[in-house]
Amino acid sequence: MSTLFAADEAKRLLDAAIRGEMPDERGRFGPFGGRYVPETLVPAFDRLEAGVKEHLHASDFQAEFQKELREWVGLPTALTFAPQLSKAWGAEVWIKREDLAHTGAHKINNAIGQALLAKRLGVKRVIAETGAGQHGVAAAAACARVGLSCSVYMGAVDMERQAPNVDRIRRLGAEVIAVESGDKTLRAAIDEAMREWVTDPDGIYYLLGSAVGAHPYPYLVRELQSVIGREARQQMLDQAGGLPDVAFACVGGGSNAIGLFYPLLADDIELIGVEAGGIGDGLGENAATLATGTPGVLQGSYTIILQDDDGQVQETQSISAGLDYSGVGPEHALLQAIGRVKYISARDNEALEALEELCATEGILTALETAHAYAAAREYAKQNPGKRILIGNSGRGDKDMPTLSQLPARTRRYEGA
Amino acid sequence: MKAHERLSAAITAATDLGRTALVPFITAGYPEPKDFIATLQDVASVGDVVEIGIPFSDPMADGMTIQRSSFIALQKGVSLKWIFDQLDSASGEIDAPLVIMSYLNPLLAFGFDALAERSLAAGVCGFIVPDLPFEESDDLRAALEARGLGLIQLVTPATPDARLKKLCDASRGFVYAVTITGITGGGAGLPTDLADYLAKVVSFSTIPVCAGFGIRAAEDIAAVGLYVSGAIVGSALVEVLERGEDPKPFLKSLIR
């Protein structure tokens, strides 16, 4: 699907988004979003929403949050010019280095922000879900930092392919709960975390890791992650002497992408989100939700999802656990519907090639998730020579070594494009 | 009589006889799709209202039993269309008014108007949608009410009074009082402080109230029956069916 709206309506919605009026009072981004949760959780969501309103933009909360971002997370992360990659692609490539943030990915921005919020809301215990394990690590670290106990739900399939992160989560003092139900990946982990939350809506804070789910999560996560785009924008002006022509970010649930894109919406910058193309175009062979999905309700939000004609949510396929998700944040659904952001996909093998190229040219081992953004950017550069390209390098690839180790190491022999 | 009034009437008919109405829940097509109608007829021969669960890929409000039954039914090809076709074929041969319990997405995919139309023809009188809070329910409610079908609201021990009043007023057929703070199929037993909560729900409602979640045996029904008109039995019945046993003796054992 491309644009859902007539041009004037699309412009009205984009202007509203730029003015900060999305989501609206009911948690809607145009037609998308909302709050589809069990009745038991309605009071908990009401309290969370009130807590977000009270604290998120209060000066004392912001002072504490910004201090933690600076002194504990290590922000601002660098903006790195990529000379070899630029040469190979015939472009000017800049990399926003979220891999340099504490715990190795952008996830920590959201985790520490929500952990600080949870502390203020006076909860006893934090639960979180994780796909690639990066959010699990970030949540565990953030909870240790602010002094809250933490349990992380993780699909059994993901525990196997992201084993190093399972161990990291445990060493950071959190409990890892294996999820054997459903598809045993991120979606099942979210379902299971919701089930746990329902048992103690007053005592538990659910630290959701992506810009998905019921209102106010897509808003809350975007606000906490927008630091990525604000920093990148200023750094481009300072270091590159101007804004990029185009910006790329990988999209699973879409937290790093919305964090990068949201502060750039008003600029004349082409924005491209890259989903997991998996092993093919068929239903169940990829996680290209926006490219191939249809509107529906999944895990609390009306958004674009991968489903069959009966409304059953379909399993996904991707080499990257962090993109392996059947839904996507509702704000991305809107940005696609109004034509502001283009969403495309890159396949497993293309992502792997891009990962190896980046290793060889710039000495950066990026996450498999992030590698999808590079694959798409490389293809774009071929079609559009001489562009200034910004890539959101959402995380580092150390966690992917179990997957990468099973593949032949081609990096040393890499000869350039 | 509107379809949702048939639900209220069936429950009231039981209480008029001095007993608590029994509302059994089955997952459609579980354990075997070919036995769906026969199972439904058996269950409806004892139950006063029967709740039919539509299998869904992401049953986030359900415990292991319903998750498992839902997953297997889906694997065996059960869909809402198939369920309506089956119900149509058995029209007039089911002894209780029916309620569909479904997560929202399969209903969205079916289309609300088509859903209401086929429901009315198939003897379905109301809907329970566990992931559709009141605030998001205008469209479905309008489509159902246009044909006299009821959207049954769930209320929980966590529901504040003002909201409880609003939900009781909006509910049609009966009010579904969730007994526990948790998911379906809880094995921990009913909470001991149910009395005040259930009595409050009853005092707020002008239609019958049925209690559900964690109700597994006759003593549970006796406990909630002190306050409410009906009891919903889900996971415990699905477990009986899972073991391949006849549901009738189990259901009869629940009625005292």
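Rules and cut-offs
Residues numbered from 1 in each chain as written. Chains lettered and ligands numbered in written order. Predicted model: local features only at pLDDT ≥ 70, side-chain atom pairs only at ≥ 80, totals over all residues. Helix = DSSP H or I, 4+ residues; strand = E, 2+ residues; numbered from the N terminus. Rg over C-alpha atoms; globule rule 2.2 N^0.38 Å. Buried ≥ 20, exposed ≤ 12 C-beta atoms within 10 Å, placed from the backbone. Contact = placed C-beta atoms within 7 Å. Nonpolar A, V, L, I, M, F, W, Y, C, P; charged D, E, K, R; others polar. Pairing = 2+ DSSP bridges. Axes fitted to C-alpha atoms, helices over the stretch in contact; angles between N-to-C directions. Domains from an automatic or database assignment. Core = buried A, V, L, I, M, F, W, Y, C linked by C-beta atoms within 7 Å.

S.K.: Explain the overall build of chain A here, please?
M.R.: A tally of regular secondary structure across chain A gives 17 helices and 14 strands. In terms of overall size, chain A behaves like a compact globule, its C-alpha atoms giving a radius of gyration of 20 Å where 417 residues would be expected to give roughly 22 Å. Referenced to the eigenvectors of the C-alpha coordinate spread, the extents of chain A come out at roughly 55 × 50 × 50 Å. For chain A, the residues scored as buried account for 61% of the 417 residues in total. In chain A, the share of contacts with a sequence separation of at least 24, taken over all contacts with a separation of at least 6, comes to 74%.

S.K.: I tried to follow the interface of chain A and chain B on my own but got confused; where do I start?
M.R.: Between chain A and chain B, the contact holds 29 residues from the first and 30 residues from the second. When residues of the side of chain A that touches chain B are traced back to their parent elements, those giving at least two are α2 (42-55), α9 (186-199) and β11 (294-298) of chain A. Looking at which element gives the most residues to the side of chain A that touches chain B, the answer is α9 of chain A, with 6 residues. For the side of chain A that touches chain B, the class distribution of residues is 11 nonpolar, 10 polar and 8 charged.

S.K.: When you look at the sheet that holds strand β7 (residues 175-179) of chain A in this model, what are you seeing that I'm missing?
M.R.: Note: strands within a sheet are paired through backbone hydrogen bonds, in either parallel or antiparallel orientation. Residues and elements named next belong to chain A. Across the sheet, which stays open at both edges, the 4 strands sit in the order β7-β6-β5-β8 with parallel pairing between neighbours. Looking at the sheet topology across the chains shown, the edges are occupied by β7 and β8 (204-206). Averaged over neighbouring strand pairs, the angle between their axes works out to 25 degrees when direction is ignored. Sheet strands touched by helix α6 (residues 134-146): β5 (125-130) and β6 (149-155). Its angle to β6, the strand with the most contacts, is close to 175 degrees.

S.K.: Please clarify how the domain arrangement of chain A should be interpreted in this entry.
M.R.: Interface extent is often summarised as the accessible area lost during association of the parts. Residues and elements named next belong to chain A. We note that the domain assignment places domain 1 (29-69 + 107-222) and domain 2 (74-105 + 225-413) within chain A. The C-alpha centroid of domain 2 is placed 22 Å from the C-alpha centroid of domain 1. On the side of domain 2, 42 residues touch domain 1, which itself brings 39 residues to the contact. If you list the elements that add at least two residues to the side of domain 1 that touches domain 2, you get β2 (32-33), α5 (107-121), α6, α7 (156-161), α8 (163-171), α9 and α10 (217-225). Broken down by class, the residue content of the side of domain 1 that touches domain 2 amounts to 19 nonpolar, 13 polar and 7 charged.

S.K.: It is not clear to me how the nonpolar core should be interpreted in this structure. Could you clarify?
M.R.: One broad trend across soluble globular proteins is that nonpolar side chains are buried collectively. Counting 234 residues, the largest nonpolar core has Val126, Ala139 and Leu207 of chain A together with Ala177 and Cys210 of chain B as the members making the most contacts within it. If you tally residues by element for this core, the top one is helix α16 (residues 368-383) of chain A, at 9 residues. In terms of domain composition, this core takes at least three residues from each of domain 1 (29-69 + 107-222) and domain 2 (74-105 + 225-413) of chain A. Each residue touching cysteine 210 of chain B, except ones within four places of it in the same chain, is listed here: Ile11, Ala21, Val23, Phe174, Tyr176, Ala177, Val228, Ser229, Gly230, Ala231 and Ile232 of chain B.

S.K.: So what exactly am I meant to see when it comes to the environment of phenylalanine 261 of chain A here?
M.R.: Residue and element names in this part refer to chain A. Its place among the elements puts phenylalanine 261 in helix α12 (residues 255-261). C-alpha of phenylalanine 261 to C-alpha of aspartate 400: the two residues are 139 residues apart in sequence and 26 Å apart in space. The residues touching phenylalanine 261, leaving out its near neighbours within four places in the chain, are Gly229, Ala247, Ala249, Leu271 and Val341.

S.K.: Got a minute to help me understand helix α10 (residues 218-225) of chain B in this structure?
M.R.: Residues lying three or four places apart along an α-helix face the same way, a consequence of the helix completing one turn every 3.6 residues. Those residues of α10 of chain B lying buried are Ile221, Ala223, Val224 and Gly225 of chain B. The elements touched by buried residues of α10 of chain B are α9 (194-204), β8 (209-212), β9 (230-233) and α12 (247-254) of chain B.

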